[in-house]
Every structure is written in C-alpha cells, then in structure tokens.
Amino acid sequence: MMENRLNNLSIAQSVEQILDNIAKTCALCGRDASDVQLMAVTKTVEAQRVNEAIHAGVRLLGENRAQELLAKYDDYEKDGVDIHFIGHLQTNKVRQIVDKVTMIQSLDSVALAQEIERQCEKHDKKMNCLVEVNIGSELSKSGVAPDRLSDFLGELSGFGRICVRGLMAIPPVSGTDAEKERYFSGMHKLFVDIRDKKLDNINMDFLSMGMSDDYLLAIKHGSNLVRLGTRLFGHRDYGPAK
C-alpha cells in the first residue's frame, strides 16, 4: 500500500520513512543502506516543495523535462545537490540542459551521444551518463534493447566527453511483483556481466531502477539508485510532455 504523502505525511516525514524502508530492506539483503541513493523525481512539483525535500536530506533530483528544469532551476537550493536528467531527451534539447545537470540517465542512441558530445565540447566538460535499457522490450518506451546493449556500449566507448557510469531501466508498469523482480534480476545480470568485461571508458557504478511502487523490490535485486516521486510528493497531474 502507498505510504507517505497519501497518508498526509509531510515531505520530511516521507523522506524519513523512505530511508527507513531502504535501511530495513538493505539489512534483509545484507547490503549497506549508505550504498543506495534516493532521488526525488520532481516532475510537475514546484521548486518550493522540492526544496522541502532538500531540507529533509535529499541530495539528488531527477528532472524529466528540459523546459520544466529551465523554469525551476534558479529557484532550487542547489548547494550540495546534484541534478540528473532522467526523461526521454531529444537531441534538440541537449543544449538547454547540458550545463545544468551532472548526469543524463536516458542515453539510448548514437545520435543523442553525438549531440551530448558536441554540447559538452562547447562547455569544456564531460558528462556522466547511464544507458537506458528497454528491459521489457516495450514498443512504447525508449531505451536500448538488451541484445543490443553490448554493441551500443562499444560504440559509446569512443566518445571522449561521455563517461558511461552504469545502466537505467523502467520495467513494465502493469507487471506483477514477480514479473518486476524478473526484470530487475535481468537488469542486474546485465549490469554484472558488463562490469566484469571491463570495457574501455565504460564503468558500471550505478544501477538506476525502482520507483515509488517497486523501489524495495529493485533494491533487493541490486539497485543502488531509486527514483521516487509519488511517495515523496503525492499524486500529480503530469499533463502533456514538453
């Protein structure tokens, strides 16, 4: 059952409860809770409420839309806070966000990699990236097919401004817990297999998977970065993508 904001807890109380859930799950799995990062997904959430989460100890924000990030960026209390771009990123939006985020979690094409490279050259910076994997092979979702992942990583290894730091995935939302665990387990296997290959310029530091309704299952299967919006901020009206 959905806890926190749906039961009228404050954002600070929600953060405390989520961190406690993470700690308990890690203890059951023999993991160190400090190895799991909590991301606040800020889609449609006004900056003031995002800052409440920052005050409660959240140090990682996830932005889905370039236009929304630009609108709220100056109002965020960003000291000690990292912002990741986690939504589908069009090549023509890269220039808008490349100087405002520390990681792009949705790298899924050579064309996007080429544009990130070009924009990073203009800013004389490198960009940490996660490769998005379409683990459920869903036609409606972006991401690299699992059987294309090795070839794609090989192509990325030649980009000087892109630092691949791991993988990101979203399992099919309609699946049962058992089905989600199967997808999470499959992602973890890909993550470990790639890490063991020690590919040039490819590091497997982050396995980003797990959202509000399945983050504890994801942690059970090796996720070390969970992306939560509803459990922090309550249900939101997302409206059309921008």
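Counting of residues starts from 1 at the beginning of each chain's written sequence and follows it residue by residue. Totals for whole chains, interfaces and linings use all residues, but because this is a predicted model, local features are given only for residues with pLDDT of at least 70 and pairs of side-chain atoms are given and counted only at 80 or more. In computing side-chain properties, one takes all heavy atoms of the structure into account and sets aside hydrogens as well as water.

Within an unreviewed UniProt entry, the label attached to the chain reads Pyridoxal phosphate homeostasis protein, and the organism entered is Anaerotruncus colihominis DSM 17241. The heading Sequence similarities (unreviewed entry) in the UniProt record of the chain holds the text "Belongs to the pyridoxal phosphate-binding protein YggS/PROSC family." UniProt positions are given in the numbering used here, feature names are shortened, and annotations may be inferred rather than shown by experiment.

Q: Help me understand the pattern of salt bridges, please; the structure alone is not making it clear to me.
A: A pair can form between side chains of opposite charge whenever their charged atoms are brought close. A pairing counts as a salt bridge when a side-chain nitrogen of Lys or Arg comes within 4 Å of a carboxyl oxygen of Asp or Glu. Tallying each qualifying case throughout the model produces 13 salt bridges. Ionic pairing is found between D124 and R161, a salt bridge with its closest N-O pair at 3.2 Å. Of the two residues, D124 is situated in the loop between helix 5 (110–123) and strand 5 (127–133) and R161 in the loop between helix 6 (149–156) and strand 6 (162–169); the sequence distance between them amounts to 37 residues. Classification of D124 as exposed rests on a relative accessible area of 62%. Accessible area is worked out with a 1.4 Å probe on protein chains only. A residue is then buried under 20% of its type maximum, exposed over 50%, and partly exposed in between. Judged by its relative accessible area of 21%, R161 falls in the partly exposed class. When the shortest N-O distance is used, the salt bridge between D151 and R148 registers 3.7 Å. On the basis of relative accessible area, R148 is assigned to the partly exposed category, the value being 37%. Each member of the salt-bridge network shares a partner with another, and the members are R148, D151 and E155. Numbering of helices and strands runs from the N terminus, with a helix taken as a DSSP run of H or I at least four residues long and a strand as a DSSP run of E at least two residues long.

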